[in-house]
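# Remarks on the overall topology
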Amino acid sequence: MKLHSILTGAALALGLAASGAMAQDKTKVGFIYVGPVGDFGWSYEHNEGRLAVEEAFGDSVETVFQESVPEGADAERVMTQMALSGADLIFSTSFGYMDPTLNVAAKFPDVKFEHATGFKRADNVSTYSARFYEGRAVIGHIAGKMTETNTVGYIASFPIPEVIRGINSAYIHAKKVNPDVEFKVVWVYTWFDPAKEADAANALIEQGADVIMQHTDSTAPMTIAEEKGIVAFGQASDMKNFGPTAQLTAIIDDWAPYYVSRVKAVMDGTWESTDTWDGIEPGMVAFAEMSDKIPADVRAEAEQMIEDIKSGAYHPFSGPLNKQDGSAWLAEGETADDGTLAGMNFYVEGLEGEIPQ
Amino acid sequence: MDLSAINWLTLLASLMVAATPILLAGIGELVVEKSGVLNLGVEGMMITGAICGFAAAYNTQSAFVGFAAAAAGGAALSMIFGLMTQVLMSNQVATGLALTLFGLGFSALLGQSYIGIKGIEVSAVPLGPLADIPVLGPVLFQHDAVVYVAIALVASVWAFLKFTRAGLTLRAVGENHDAAHALGYKVVLIRLAAIGFGGACAGLGGAYLSLVRVPQWTEGMTAGAGWIALALVVFASWRPWRVLIGAYLFGGITVLQLNLQAAGAKIPVEYLSMSPYVITIIVLVVMSSGRGRAALAAPAALGRVFHKSG
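Residues numbered from 1 in each chain as written. Chains lettered and ligands numbered in written order. Predicted model: local features only at pLDDT ≥ 70, side-chain atom pairs only at ≥ 80, totals over all residues. Heavy atoms only, no water.

An unreviewed UniProt entry lists chain B under the name ABC transporter permease, with Harenicola maris given as the organism. Of the comments in the UniProt record for chain B, the one headed Subcellular location (unreviewed entry) reads "Cell membrane". (UniProt positions renumbered as here; feature names shortened; annotations may be inferred.)

Naming follows an unreviewed UniProt entry, where chain A appears as BMP family ABC transporter substrate-binding protein of Harenicola maris.

Shown next, in the form of C-alpha cells:
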C-alpha cells in the first residue's frame, strides 16, 4: 500500500517534470477575434484555422484565443495580456485591430504579430489578407444571372477599402451579364449585430431585392433570406445550415494553410515580416457547394471564371472601367494594381448612392 | 432618392415587428414605475429572457414554452433586484445598473452552447379572412401571436390601472408609500409583484428578438433596446397607450432608416442611425421642461426607498 503510493507519487513527479520541460519548448500562439467563434462566419473560420494549427503540430504548440474583442482599446489590452503570458505569435483577425496591434508590437519586439486585412507593418508585424474580391466577382456573376427583379441587396459593414472592393467587384460582374441590374447598398456600421443585419435584409427584400449579399459576419441575413424564400450568398463561411434552400454558394475564407505555415516559420526561426494577399489560386478563397438552383450553364460560366482567375488568365478588375463620376480608371486591357485595390475608396461607374465618409 | 421604391405597407408591417420588443419591455417597466420603483435593469432582463426563451424553445421545439421560459427567466432575474431594493433596501439606480451588467454576462454564459444554432419557426396567427383585407390585412393581420399579446397587454394594463381596485392600490403605493402603508397595504409585497411583472414582460421582449425578429441567439443581441424601453416610459409620461405610440414611433424610425438607405436617400447614414436616440433626448428635454401636465405625471414616490419606520 505504502510502496504503491510512493511509486505513484514518483511517477506523478516525473510526469510533472516532463510536462514542465515540454512547456518550455511549446510554441504559444494567440488569436483574437472580433465576433464569437460561433458566428458561423468570419471569426468561425479564423478559429478553424487555429484548430488546424493544433492539429498540425499537436503537443508542440499551445493556442489561446479570445473572442468578441471590440476593435479599439480593449484589443490592445487583450494582446498585451497574451504577450505577457508568453505568446510567441499573435494573430489579430480584424481590420480595426490595426493600430492596437502596432502599439502592442512596439512594446514586445520579440513577439511576432500577424494582422489580418490591414496595411501597416513593422519588423515584427506581418499583414495577410485574402483576395475576397475574386470570390465576389464569381458571386456577382451568379447574382446578375439569377435576379429576376434586377435588384441585388448588399448589406455592407463599414466603408473601408476591403468592403468597397467587394461591392465594386460584385457589381461589375453582375452588370456584365445583366445590364439592367441595380445594387441597393445598406451600411449597418457593425461587423456583427444579428438584429440590425436581419432588419437590413428585410428592408432590402421589401424594396424588391431577390438576391442578398452580405459583408457582415452573422448568419441573420441568410436566415431571413430562407424565411422570405429568396436566395443569398454565404459570407466567410458555409452558411447552408441557416439557409438550406436560400444559399446559392458561399465565399469561404480558408486560413488554415497560412496559419500552419506561419506557425512553422516561428518554430524554425525563419519568420519574417511579410505582406501576404492570396486569392483563389492558393486556396485562401474557396467556395461552398453550388446550389441546384443555379442553372447548369450559369454554373459552368462561374466555374470557368474560377479557373481563369486561378490561372491568372482573368483579373476581376480589368479595363475598360470608369469611376462612378464617369472619369476613366482603367483603359482597355489594363488591370488594377494592388496598391489601388488596397486603398480603394470609390465606386465604379453605374453604382448608385455615395460611400459614407 | 426614390421614395416610391419603399413599400409602405410592408414597412408598416415590419414596424409592428420591430416595435414589439420595446413595447413589451416598456409596458412592464411602466407598471414597475407606477408602483414607485425605478428598475434600470431592463436591458439585463431582456437579454436573459432572450437566451432563456431561445434555449427552451430549441430544446422543446415549442415557441409557447420558449416565451413562457423567457417570462420566467426575466421575472427570476428581477427578483434579485426586488430582494436587494425592497428587502435589503439598496439604492435602486445602482442596483438596476448592476442588474443590466449581470444580465449581459450571465446570458453570455448561459448561451455558450446555443451560438450558431438555427432557431425554431414561429408562425403567424391564422386570422382567416381578416388577413386578406387589402391594405389592412398585410399591415395588421399577418403577424405572430406575440404582436397581438403585446397590444392586449397594453390594453389590460390600462384597464387595470384605471378601473380596478388593485390598480388604484398600486398607484397609491407609487404616489405615497407611507400613506399606503398606514392604510394597511403591504407596500413591499405589492412592489415585488410589480417588479416581477416588469421582469416577465422584459423577458418576453427579449425572447421576441431571439425567436422571431432575428431569429437566433447572439451575445448582447438586445443592443440597447432595454434603454430605449426605459426612455419610452418617460416619453409616454407613464400612460399605457402612449407607450404603444412611442414604441411604434421608435420602431418605425429604426426600420425607416434602413429603408431610406436602401432607397438611396442622400442623408448621411450616421444621422439616420442616431435619429431614434436624438428623438428620445429631445422628448426627454421637452417633457422635463416643467410646463404642462406631462411633467407632473411621474409617480411621486418613484425611486424612493420605503421602510416601515417611515
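Now, onward.
## Points about helix H10 (residues 225–235) of chain B
Residues and elements named next belong to chain B. Burial analysis of H10 places nine of its 11 residues in the buried class, the great majority of the element. Listed in full, the buried residues belonging to H10 are Ala 225, Gly 226, Ile 228, Ala 229, Leu 230, Ala 231, Leu 232, Val 233 and Phe 235. Ser 237 sits one or two positions beyond H10 and adopts a positive phi of about 40°. (Buried < 20%, exposed > 50% of the residue type's maximum accessible area, 1.4 Å probe, protein only. Helix = DSSP H or I, 4+ residues; strand = E, 2+ residues; numbered from the N terminus.)

## Description of helix H10 (residues 296–311) of chain A
Residues and elements named next belong to chain A. The end-to-end C-alpha distance of H10, which contains 16 residues, comes to 22 Å, matching closely the 22 Å that a straight helix rising 1.5 Å per residue would cover. Residues of H10 that are buried include every one of Val 298, Ala 302, Met 305, Ile 306 and Ile 309, and no others. Burial along H10 is one-sided: seen end-on, the buried residues are contained in an arc of 100°. Among the exposed residues of H10, those pointing more than 90 degrees away from its buried face are Ala 296 and Ser 311. Against helix H5 (132–146), helix H6 (161–177) and strand S12 (285–287) lie the buried residues of H10. (Expected span 1.5 Å × (residues − 1). Arc of directions from axis to C-beta. Contact = heavy atoms within 4.5 Å.)

## Notes on the pattern of salt bridges
A side chain with one charge may pair with a side chain of the opposite charge, provided their charged atoms come close. Inspection of every chain in the model, using the stated rule, returns 11 salt bridges over all chains. A salt bridge links Glu 54 of chain A to Arg 50 of chain A; the shortest N-O distance between them is 3.7 Å. In this pair, Glu 54 of chain A and Arg 50 of chain A both sit in helix H2 (residues 42–57), four residues apart, roughly one turn of the helix. Glu 54 of chain A gets classed as partly exposed once you look at its relative accessible area, which sits at 33%. Arg 213 of chain B is paired through a salt bridge with Asp 199 of chain A; the nearest N and O atoms lie 2.4 Å apart. Note that Arg 213 of chain B is positioned in helix H9 (residues 187–213) and Asp 199 of chain A in helix H7 (residues 194–206), a pairing that runs across two chains. Both residues of the pair, Arg 213 of chain B and Asp 199 of chain A, belong to the buried class. (Salt bridge = Lys/Arg side-chain N within 4 Å of Asp/Glu carboxyl O.)

## A word on the interface of chain B and chain A
Listed per partner, the contact involves 29 residues of chain B and 35 residues of chain A. With both sides pooled, the region where chain B packs onto chain A buries about 2500 Å², and carbon together with sulfur makes up 56% of that total. Broken down residue by residue, the surface that chain B buries against chain A is led by Lys 118, Leu 258 and Ala 262 of chain B, which jointly contribute 22%. Counting across the interface, chain B meets chain A through one salt bridge. (Buried area = accessible area lost by both parts, 1.4 Å probe.)

## Details of the sheet that holds strand S6 (residues 151–156) of chain A
Residues and elements named next belong to chain A. If you trace the six strands from one edge of the open sheet to the other, you get S7-S6-S8-S9-S10-S12, paired in mixed fashion. The strands lining the two open edges of the sheet, one partner per strand, are strand S7 (182–187) and S12. The sheet shows a mean angle of 20° between the axes of neighbouring strands, direction not considered. Where strand S10 (residues 247–253) meets S12, three bridges bridge the pair, whose relative direction is antiparallel. Looking across to S12, one finds that Ile 252 is bridged to Ala 286. Across the sheet, helix H8 (residues 220–228) lies against S6, strand S8 (211–214), strand S9 (231–236) and S10, angled at about 165° from S9, the strand it touches most. (Pairing = 2+ DSSP bridges. Axes fitted to C-alpha atoms, helices over the stretch in contact; angles between N-to-C directions.)

## Overview of the environment of Ala 18 of chain B
Counting through the fold element by element, Ala 18 of chain B comes out in helix H1 (residues 8–34). Taking the relative accessible area as the measure of exposure, Ala 18 of chain B reaches 8% and is therefore buried.

## As for the UniProt feature "domain: ABC transporter substrate-binding protein PnrA-like" (unreviewed entry) in chain A
Here, UniProt's "domain: ABC transporter substrate-binding protein PnrA-like" (unreviewed entry) annotation points to residues 26–301 of chain A. Regarding residues 26–301 of chain A, the helix share stands at 40% and the strand share at 23%, and the terminal C-alpha atoms are separated by 48 Å.

## What about the confidence of the model for chain A?
Mean pLDDT over chain A works out to 89, with 93% of the residues at or above the 70 mark. For residues 6–23 of chain A, every residue scores under 50 in pLDDT, and the model assigns this stretch one contact once sequence neighbours within four places are set aside. (pLDDT = per-residue confidence, 0-100.)

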